[in-house]
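Structural overview
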Amino acid sequence: MKINSNYVRRVATMILMAVVITITGCHKDTPIDRPYHLVSDKCVDEVVILFENDVHGVIDGYPMFAGYRDAVADTFEYVVTVSCGDCLSGPFAAFYQGESIIDIMKSVGYDYFVPGNHDFDSSMDTFLNFPDATKVQPLCCNFNDRATGKPLFKEYEVKDYGGIKVGYVGVTTPEMEDLVALSTLIDENGNYIYDFGREDVVEKVQNAVDAAKAEGAQTVVLLSHIGDVMLPGIISKTSDIDVVLDAHKHTTEPGAYFKDKDGNDVLWTSTGTQLKNIGRVSITRDGKVKSSLIAIETVCQRSETVGNVVDGYNQDFEKRTKEVIGHSDAYLTENDANGKYIARLKECPIGNFCADAFRAVTGAQIGIVNAGGMRTEIQAGDITYASLLAVFPFMNEVSMIKVSGRALKNALEMSYAHIDDFGGFYQISGMKVLIDSTATEGNRVKSVKVDVAGNGTFVDISDNEKYTIGGSSYVLLEGGNGIIFENSDRLPLDGYLTDDQLLLHYVTKTLGGYIPESAGKVDGRISFVE
């Protein structure tokens, strides 16, 4: 009997990989636990889809993502690489106007991409150039030119993997107009340019699925940037979707099921955010679908090609963020004169500075920052971007809302209910509050005054008046620290910023690169009944 030497090497490699897993605990791709056909030593009875979502410019996971994909491709003939959106965002992406992410993702090599709302952050030109620049096929059934009704991207695609026919349908959030900077989506006359299917997303999805089935797709994969709040309702009104690779809500889900309109199970999976996990979906020749997540920290393989690109940008970013961008004559501290940390207890210079930044850059009447969102202070002397990033390291989106005086007072009551190291303690700008810390909860805020006109004149807040507030999305929109701004209206901002970028803009543009010594002193914004 003649033995195929390539086959022997393949079996030996599989045994070695199993030994490595046992010894090191690293996650390496392992052979599937059933017989399979081999062509050029590779399995052809299974399509493996590897995906990520909501990476938000956190780039260090890409080399492992590509390395794991390459290892899987050593065993499986059909390996598909997918991004479910929100890659062109975060300070790293913004610092290079998206160029860094484009270069990195091009080096990885993707097959499909569905856009997320934050992929519009850099600019519309960057976003629309992204597919060609990265050589990826974008899919989206609900991103249309409003004037012509025509889709800007391909709505679906069917691929034949040696007789396993898979249809891919892309869909993004139909709430895009509420999430993206207004200036990105309107023309010079204020008219919306694009239609994201707010009223008919279900119909658009079903039409794309039907078209994929008509072209012979045996299994339909929905590439989604919608999230698990809205998605179940869409699935319950559609049919013939087999699996959903989801994004948008940063949910970590190895595999769960929704019911479609015919009562069939639809597999749903999502990797979380920042490439902490790799999503893996397998489709077998007999139509079985399964999913799992691989923690990036357990992946041993690292692509040298992608690693070189990532390392280059990391080195450049570190060098450039240490460049001096301004000077401060003030010590913007979070402590009192005795060195005690007070940012969660009372007014402090760094809190005033950050709240002033939110107010000035957004143009709101009031600026608010939660004390827990500020992680350090700014020393007197030269300022670098790295020092600003250290203050706001969470990359929270900057937002602006309009809210009634009554709702604002209720939020302040919740904020100042715990004068005892509470991360939700608000540092403020454009507003003055008087607090009685001995009063019962819900009755501690005795006075609220607002600089309505922005001229330094503070007037008593009115329950029925509406006020604009600038702050992070975590504080204003996401119920951060358990505090809700009831019945608030989100207002559009001209361009997208994260909070660290807001500080950069405030220092370099608003203040002209100079922070005066007076900024290191408090001025009575938060006072207490004696």
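Thresholds applied
- Residues numbered from 1 in each chain as written.
- Predicted model: local features only at pLDDT ≥ 70, side-chain atom pairs only at ≥ 80, totals over all residues.
- Heavy atoms only, no water.
- Helix = DSSP H or I, 4+ residues; strand = E, 2+ residues; numbered from the N terminus.
- Rg over C-alpha atoms; globule rule 2.2 N^0.38 Å.
- Buried < 20%, exposed > 50% of the residue type's maximum accessible area, 1.4 Å probe, protein only.
- Contact = heavy atoms within 4.5 Å.
- 1 Å grid on protein atoms, 1.4 Å probe; cavity = no way out; pocket = protein on both sides within 12 Å on 5 of 7 lines; lining within 4 Å.
- Points joined across faces, edges and corners; volume = space filled by probe spheres on them.
- Nonpolar A, V, L, I, M, F, W, Y, C, P; charged D, E, K, R; others polar.
- Polar contact = N/O pair within 3.5 Å; in protein donor to acceptor, adjacent residues only side chain to side chain.
- Core = buried A, V, L, I, M, F, W, Y, C linked by side-chain atoms within 4.5 Å.
- Salt bridge = Lys/Arg side-chain N within 4 Å of Asp/Glu carboxyl O.
- Pairing = 2+ DSSP bridges.
- Axes fitted to C-alpha atoms, helices over the stretch in contact; angles between N-to-C directions.

When helices and strands are counted, the protein chain shows 15 helices and 27 strands. For 530 residues, the compact-globule estimate of 2.2 N^0.38 gives 24 Å, and the C-alpha radius of gyration of the protein chain, at 26 Å, lies within 12% of that figure. Along the first, second and third principal axes, the C-alpha atoms of the protein chain reach 95 × 50 × 45 Å. Taking all 530 residues of the protein chain together, 52% fall into the buried category. In the protein chain, of all internal contacts separated by at least 6 residues, the share reaching a separation of at least 24 is 70%.

Turning our eyes to something else, we now look at empty space enclosed by the protein. Evaluation of the coordinates by the stated rule reveals 1 cavity of 30 Å³ or more. If you trace the largest cavity, you find it lined by Phe358, Ile368, Val369, Asn370, Gly373, Phe392, Phe394, Asn396, Ser472, Val475 and Asp499. Among the elements that take part in the lining of the largest cavity, strand E17 (residues 366–370) stands out by supplying 3 residues, more than any other. Tallied by class, residues from the lining of the largest cavity come to 6 nonpolar, 4 polar and 1 charged.

Further remarks concern the side chain of Glu46. Inspection of the secondary structure assignment puts Glu46 in strand E2 (residues 42–52). A distance of 2.9 Å separates the side chain of Glu46 from the side chain of Ser282, its partner in a polar contact.

In terms of nonpolar packing, the biggest core is built from 55 residues, with Phe353, Ile368, Leu408, Tyr416, Met431 and Phe485 touching the most fellow members. No other element matches the 6 residues that helix H11 (residues 349–362) contributes to this core. Sequence-distant contacts of Leu408, defined by excluding residues within four places in its chain, comprise Ile366, Ile368, Val403, Met431, Ile461, Ile469 and Phe485. The next biggest cluster of nonpolar side chains, apart from the first, holds 49 residues, and it includes Ala66, Phe113, Val299 and Val310.

Bringing unusual backbone geometry into the picture now. Although it is not a glycine, His250 adopts a positive phi angle of roughly 60°. Summarising the element assignment, His250 is placed in the loop between strand E11 (243–245) and strand E12 (252–259). Overall, the relative accessible area of 35% leaves His250 in the partly exposed class. In this model, Asn481 sits at a positive phi of 65°, which is unusual for a non-glycine residue. Overall, Asn481 belongs to the partly exposed group, its relative accessible area being 27%.

Turning our eyes to something else, we now look at the environment of Cys300. In this fold, Cys300 is placed in the loop between strand E15 (289–295) and helix H10 (304–321). Residue class for Cys300 comes out partly exposed when judged on its relative accessible area of 29%. In this structure the C-alpha to C-alpha distance between Cys300 and Leu275, which are 25 residues apart in sequence, comes to 15 Å.

By volume, the largest pocket is sized at about 870 Å³. Around the largest pocket sit 29 residues that line it, and His118, His248, His250, Glu397 and Glu478 are the ones nearest its centre. In terms of residue class, the lining of the largest pocket is built from 8 nonpolar, 14 polar and 7 charged. Taken as a whole, the second largest pocket spans an internal volume of roughly 470 Å³.

You can see Ala380 is positioned in the loop between E17 and strand E18 (381–384). Taking the relative accessible area as the measure of exposure, Ala380 reaches 46% and is therefore partly exposed. When the C-alpha positions of Ala380 and Leu245 are compared, they lie 48 Å apart, and in sequence the two are 135 residues distant. Beyond its immediate sequence surroundings of up to four residues, Ala380 is in contact with Ser328, Asp329, Ala330 and Tyr331.

Turning our eyes to something else, we now look at the pattern of salt bridges. With the rule as written, the count across this model stands at 17 salt bridges. One salt bridge connects Arg320 with Asp316, and the closest N-O pair in it is separated by 3.2 Å. Taken together, the residues span about one helical turn, with Arg320 and Asp316 both in helix H10 at a distance of 4 residues. You can call Arg320 partly exposed: its relative accessible area is 33%. Classification of Asp316 as partly exposed rests on a relative accessible area of 27%.

Let's shift gears to the pairing of strand E19 (residues 398–404). A large share of E19 lies buried, amounting to 6 of its 7 residues. For E19 and strand E24 (residues 466–472), the ladder comprises 7 bridges, and the chain directions are antiparallel. Bridge pairing in E24 places Val398 opposite Ser472. Bridge count for E19 against strand E25 (residues 489–491) is 3 bridges, and the pairing is antiparallel. The partner of Lys402 across the bridge, within E25, is Asp489.

The strands making up a sheet associate through backbone hydrogen bonding, with each pair oriented either parallel or antiparallel. Overall, mixed pairing links the 6 strands, which are arranged E7-E8-E10-E11-E13-E12 in an open sheet. The open sheet is flanked by strand E7 (156–161) and E12, the only strands paired with a single partner. Adjacent strand axes in the sheet meet at a mean angle of 25°, parallel and antiparallel pairs treated alike. In this sheet, E11 lies alongside strand E10 (residues 219–225) in parallel orientation, the contact comprising 3 bridges.

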